[in-house]
Amino acid sequence: MGTRCEKACREGQFGRNCQERCLSEQGCRGLYFCLPDPYGCSCAAGWSGVQCNSACSPDKYGPDCILECNCQNGGTCNRFSGCICSSGWHGQHCEKSDRIPQIINLASHLAFNLGSQIMATCIATGNPPPVRDNIELRKPDGTVLIPTKAIMEKDMTTCEFQVSQVVSSDSGLWECRVSTTGGQDSGKFKVTVKVPPVPLSPPKLLAKKSQQLVISPVGPIAGDGPLISIKVLYKPQIGSSWSSIEAVDNIQNITLMNLRPVTAYIVKVQLTRPGEGGEGAIGPSAIMATDCKEPTAKPVIERSSVEGSNNLHVNWNLPKTDNVGSGFLVRLYDAAKELVHQENVTSMIVQSAYIPNLKFKEDYYLEVMVYHCTSLGPPSDLHTFKINSKGNKSVISKMNRIFWNFFHLLEP
């Protein structure tokens with residue numbers, strides 16, 4: 001028996017791993033065993049002679065009695081299996097002293113995530129070195145776990161224990177135990193079961209553009225922190241597959257980019273805490289829509305004229321580009337650049353505006369910009385002017401208004 005067939009079977013046993021037994025009342029006496037090369041044939045352990053019926057001499061043992069005991073330190077020779085060592089000794093000839101086994105390098109506190117699959121370890125030393133069957137792990141409910149793997153290095157053995165799913169009742173004290181011929185030892189460590197974090201509310205929209213959504217991903221959460229990852233999942237409400245963006249820091253805002261204009265998106269968040277299985281369930285979703293395409297055309301103010309005593313007409317045009325827009329905003333500022341008047345022109349065709357009730361000898365600044373939905377395009381260069389005179393009577397004012405309207409009818 002053994003990796004090199006270096007161990008003899010006990011009385012009444014035979015086979016490659018001593019798994020067979022002789023059923024006779026005399027055990028294996030008188031039986032001759034033949035095994036494939038290189039072993040050949042021999043009597044059973046403890047017997048020799050032509051008829052395999054002669055017991056081994058006091059210092060001999062094994063098949064055909066060919067092995068010598070040479071027991072030391074008070075050990076006695078057993079003709080079937082060799083030296084039987086006295087307490088405190090082990091080895092083939094009882095030449096090795098025992099050392100009480102010890103559990104070492106045990107963490108005092110570990111945290112596992114609920115529902116995760118974990119690998120716990122127990123490390124033990126001693127002489128004889130602990131083997132896989134010498135070490136076990138006990139959970140708080142008394143469940144005994146058997147090692148799934150053992151790694152032996154010199155006189156130290158590391159056993160790994162697999163837990164397929166961590167449950168809430170696993171919180172508490174776990175215990176590593178080791179027991180050998182040299183004695184026994186145990187060590188305890190505390191386990192806390194953490195609940196992966198889950199958002200309780202959908203993400204919030206902070207700002208939007210035609211191809212961007214700025215969101216606040218994290219509100220109130222259930223479960224345990226700290227957060228080590230915030231993953232935002234998003235897709236168009238109609239069709240397409242999910243995309244995601246992940247932030248490793250606990251940031252306040254996340255910007256989703258390269259989106260489609262005027263499109264509704266489903267947006268939801270998944271949070272992660274440290275450790276295996278720290279990903280929480282995906283939180284509730286929100287519907288967010290991108291804005292219209294931002295206008296890019298910059299209006300050019302062509303001319304302005306005073307009508308009556310304190311009214312202004314202004315006219316502008318647009319460069320011949322892709323003029324996306326819903327209309328124009330005309331903004332008037334005073335000398336301190338404070339907004340004093342705003343005119344909303346709701347058509348891209350109308351490229352003029354009438355601004356009434358201006359003050360005499362006041363400096364004004366005027367600008368025009370295109371708007372599309374809620375987006376504003378670049379403003380025109382500031383146009384400056386001043387009402388220098390009180391102008392003529394109301395008749396002249398009416399004539400100017402008629403002339404102005406006639407002039408615009410002639411424009412292409």
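On a predicted model such as this, the values are computed, not experimentally measured, just so you know. All chains use their own residue numbering, which begins from 1 and follows the written sequence. Restriction of local features to residues with pLDDT of at least 70 applies here, the model being predicted, together with a cutoff of 80 or more for giving and counting side-chain atom pairs; totals for whole chains, interfaces and linings are based on all residues. To get the side-chain values, all heavy atoms of the structure are used, and hydrogens and water are removed first.

This paragraph deals with the pairing of strand S15 (residues 118-127). In terms of burial, S15 is largely enclosed, as 7 of its 10 residues are buried. Pairs of strands are assigned from DSSP output, requiring at least two bridges between the strands. Secondary structure elements are taken from DSSP: a helix is a run of H or I of four residues or more, a strand is a run of E of two residues or more, and numbering for both begins at the N terminus. As paired strands, strand S13 (residues 99-104) and S15 are joined by 4 bridges and run antiparallel to one another. Directly across from arginine 99, in S15, lies its bridge partner asparagine 127. Note: S15 against strand S19 (residues 156-163), 8 bridges, orientation antiparallel. Of the residues in S19, the one forming a bridge with isoleucine 118 is valine 163. Exposure categories follow from relative accessible area, calculated using a 1.4 Å probe and restricted to protein chains: below 20% of the type maximum is buried, above 50% is exposed, and the middle band is partly exposed.

Moving on to the packing of aromatic side chains. Paired rings are identified among Phe, Tyr and Trp, the last through its six-membered ring, by centres lying within 6.5 Å, and are further divided according to the angle between planes into stacked (under 30 degrees), edge-to-face (over 60) and tilted (the rest). Considering all chains together, one arrives at 4 aromatic pairs under this definition. Ring geometry for tryptophan 316 versus phenylalanine 328: centroids 5.3 Å apart, planes at 65°, classification edge-to-face. On the criterion of sequence distance, the pair formed by tryptophan 316 in strand S32 (residues 311-317) and phenylalanine 328 in strand S33 (residues 327-333) is long-range, its members being 12 residues apart. Judged by its relative accessible area of 1%, tryptophan 316 is buried. Assessed through its relative accessible area of 0%, phenylalanine 328 is described here as buried.

Moving on: the sheet that holds S15. Pairing in this open sheet of 4 strands is antiparallel, and the strands run S13-S15-S19-S18 from one edge to the other. Two strands close off the open sheet at either side, each with one partner strand: S13 and strand S18 (149-153). Taken pair by pair, the neighbouring strands of this sheet meet at an average axis angle of 20°, ignoring direction. For helices, the fitted line uses only the C-alpha atoms of the stretch in contact; every axis is such a line through C-alpha atoms, and the angle between N-to-C directions lies from 0 to 180 degrees.

Below, the discussion takes up the state of the cysteines. A pair of sulfur atoms, both from cysteines and within 2.5 Å, is called a disulfide here. By the definition in use, this model includes 9 disulfides. The disulfide partner of cysteine 69 is cysteine 77, and the S-S distance across this bridge is 1.8 Å. An S-S torsion of about 60° defines the bridge between cysteine 69 and cysteine 77 as right-handed. Bridging cysteine 71 to cysteine 83, the disulfide has an S-S length of 2.0 Å. Between cysteine 71 and cysteine 83 the disulfide shows an S-S torsion of about -105°. By sign, it is left-handed. A residue pair is termed long-range when its members are at least 10 positions apart, and cysteine 71 in the loop between strand S8 (67-68) and strand S9 (76-78) and cysteine 83 in strand S10 (residues 82-84) qualify at 12 residues.

What follows deals with the domain arrangement of the protein chain. Where each domain begins and ends follows an automated or database-derived domain assignment. Structurally, the protein chain comprises domain 1 (13-97), domain 2 (101-194), domain 3 (198-290) and domain 4 (300-387). For domain 2 and domain 3, the distance between their C-alpha centroids amounts to 39 Å. Note on contacts: a residue pair qualifies if any of its non-hydrogen atoms lie within 4.5 Å across the two residues. Taken together, the contacts link 4 residues of domain 2 with 7 residues of domain 3. Reported buried area values correspond to the accessible surface (1.4 Å probe) lost by two parts on association, with both partners' losses combined. Here domain 2 packs against domain 3, burying approximately 420 Å² in sum over the two surfaces, 43% of which is carbon and sulfur. Three residues, Asn113, Ser116 and Lys194, lead the burial of domain 2 against domain 3; their summed loss comes to 81% of the area buried on that side. By definition, a salt bridge exists where a carboxyl oxygen of Asp or Glu is found within 4 Å of a side-chain nitrogen of Lys or Arg. Summed over the shared surface of domain 2 and domain 3, the result is 0 salt bridges. Nitrogen and oxygen atoms within 3.5 Å of one another constitute a polar contact, given that in protein one can donate a hydrogen and the other can accept it, and given that sequence-neighbouring residues count only through two side-chain atoms. Summed over the shared surface of domain 2 and domain 3, the result is 4 residue pairs in polar contact (both at pLDDT 80 or more). As a working rule, the residues Ala, Val, Leu, Ile, Met, Phe, Trp, Tyr, Cys and Pro are called nonpolar, Asp, Glu, Lys and Arg charged, and the rest polar, with Gly in that last group. Split by residue class, the side of domain 2 that touches domain 3 holds no nonpolar, 3 polar and 1 charged.

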